[in-house]
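# Chain and residue survey
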Amino acid sequence: MKILVLNGPNLNMLGVREPDIYGRSTYTDLINMIKDHCDSKGIEVSFKQSNHEGDLVDYIQQAYFEKYDGIVINPGAYTHTSVALLDALKAVSIPAVEVHISDVDAREEFRQISYVSKIAVKTIKGHGFDGYIEAVDFLSER
Ligand code: CA2
């Protein structure tokens, strides 16, 4: 089982600002937490983060050529705008779980729209960092 964890814009800033919404732990803490979990379950995991939409598309396509079994994606603000990410996920046909650290449904109206949700096999919102673990488990048990 080989999973790609893909994070979008500004998620590298976790723990640096807005701790009331996203918590105090850093992006590195997040990666380490997921890595430890995957190691304990014998799941191979890779991580990518980018602030650029096209890079995220490239990483999704790369996951196809490198034969990944699942993608955990937090597209950040591109969730609410990006048809390109939706098309990339459709093109590769790799099961993707969409994760949001915050409960986007309880925030501004524009955060309640997600293009990625249209293809995601599951969407997890508002469970903090644990949402990523739930996403990995969902993909590995599927
Ligand atoms: O709740 C989530 O995980 C989001 O995907 C996070 C995105 C936001 O645009 C989505 O609506 C919901 C933003 C990530 C920004 O992360 C920051 C972390 C620290 C300081 C500032 C931003």
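## Examining the site of the ligand
Taken together, 17 residues lie around the ligand, and Asn-74, His-80, Ile-101, Ser-102 and Arg-111 are the ones closest in. Interatomic distance of 3.4 Å between a backbone N/O atom of Ala-77 and an oxygen atom of the ligand. At a separation of 2.8 Å, an oxygen atom of the ligand approaches a polar side-chain atom of Arg-111. For the ligand, the accessible surface in isolation is 500 Å², of which the surrounding protein chains cover 94%.

## Considering the pattern of salt bridges
Under the criterion given, the structure shown has five salt bridges. In this structure, the salt-bridge partner of Asp-105 is Lys-125, at a minimum N-O distance of 3.0 Å. Placement of the pair is Asp-105 in the loop between strand 4 (96–100) and strand 5 (122–125) and Lys-125 in strand 5, with a sequence separation of 20 residues. Each of Arg-107, Glu-108 and Arg-111 takes part in salt bridges that share partners, so that together they form one network.

## Points about the environment of Ser-102
Checked against the element boundaries, Ser-102 lands in the loop between strand 4 and strand 5. Note: C-alpha distance between Ser-102 and Gly-126 (24 residues apart in sequence) is 4.1 Å. Excluding residues within four positions of it along the chain, Ser-102 makes contact with Ile-21, Tyr-22, Arg-107, Lys-125 and Gly-126.

## Considerations on the packing of aromatic side chains
Tallied over the full model, the rule gives one aromatic pair. On the numbers, 5.1 Å between centres and 80 degrees between planes, the contact of Tyr-64 with Phe-65 is edge-to-face. Taking the relative accessible area as the measure of exposure, Phe-65 reaches 64% and is therefore exposed. Against the face of Tyr-68 rests Lys-2, its NZ or CZ located 4.7 Å from the ring centre.

## Details of the sheet that holds strand 5
Taken in spatial order, the five strands make up an open sheet running 2-1-3-4-5, and their pairing is parallel. The open sheet has two free edges, formed respectively by strand 2 (44–49) and strand 5, since each of these has just one partner strand. Averaged over all pairs of adjacent strands, the angle between strand axes in this sheet comes to 20 degrees, irrespective of strand direction. Across three bridges, the pairing between strand 3 (residues 70–74) and strand 4 is parallel. Paired with Ile-73 across the strands is Glu-98, a residue of strand 4. Helix 3 (residues 53–65) contacts strand 1 (2–7), strand 2 and strand 3 of the sheet and is inclined by roughly 175 degrees relative to strand 1.

The rules we used
- Residues numbered from 1 in each chain as written.
- Predicted model: local features only at pLDDT ≥ 70, side-chain atom pairs only at ≥ 80, totals over all residues.
- Heavy atoms only, no water.
- Near = heavy atom within 4 Å.
- Polar contact = N/O pair within 3.5 Å; in protein donor to acceptor, adjacent residues only side chain to side chain.
- Areas by Shrake-Rupley, 256 points an atom, 1.4 Å probe, with all protein chains shown as cover.
- Salt bridge = Lys/Arg side-chain N within 4 Å of Asp/Glu carboxyl O.
- Helix = DSSP H or I, 4+ residues; strand = E, 2+ residues; numbered from the N terminus.
- Contact = heavy atoms within 4.5 Å.
- Phe/Tyr/Trp six-rings, centres within 6.5 Å; stacked < 30°, edge-to-face > 60°.
- Buried < 20%, exposed > 50% of the residue type's maximum accessible area, 1.4 Å probe, protein only.
- Lys NZ or Arg CZ within 6 Å of the ring centre and 35° of its normal.
- Pairing = 2+ DSSP bridges.
- Axes fitted to C-alpha atoms, helices over the stretch in contact; angles between N-to-C directions.

The values reported here are purely geometric and, on their own, carry no functional implication.
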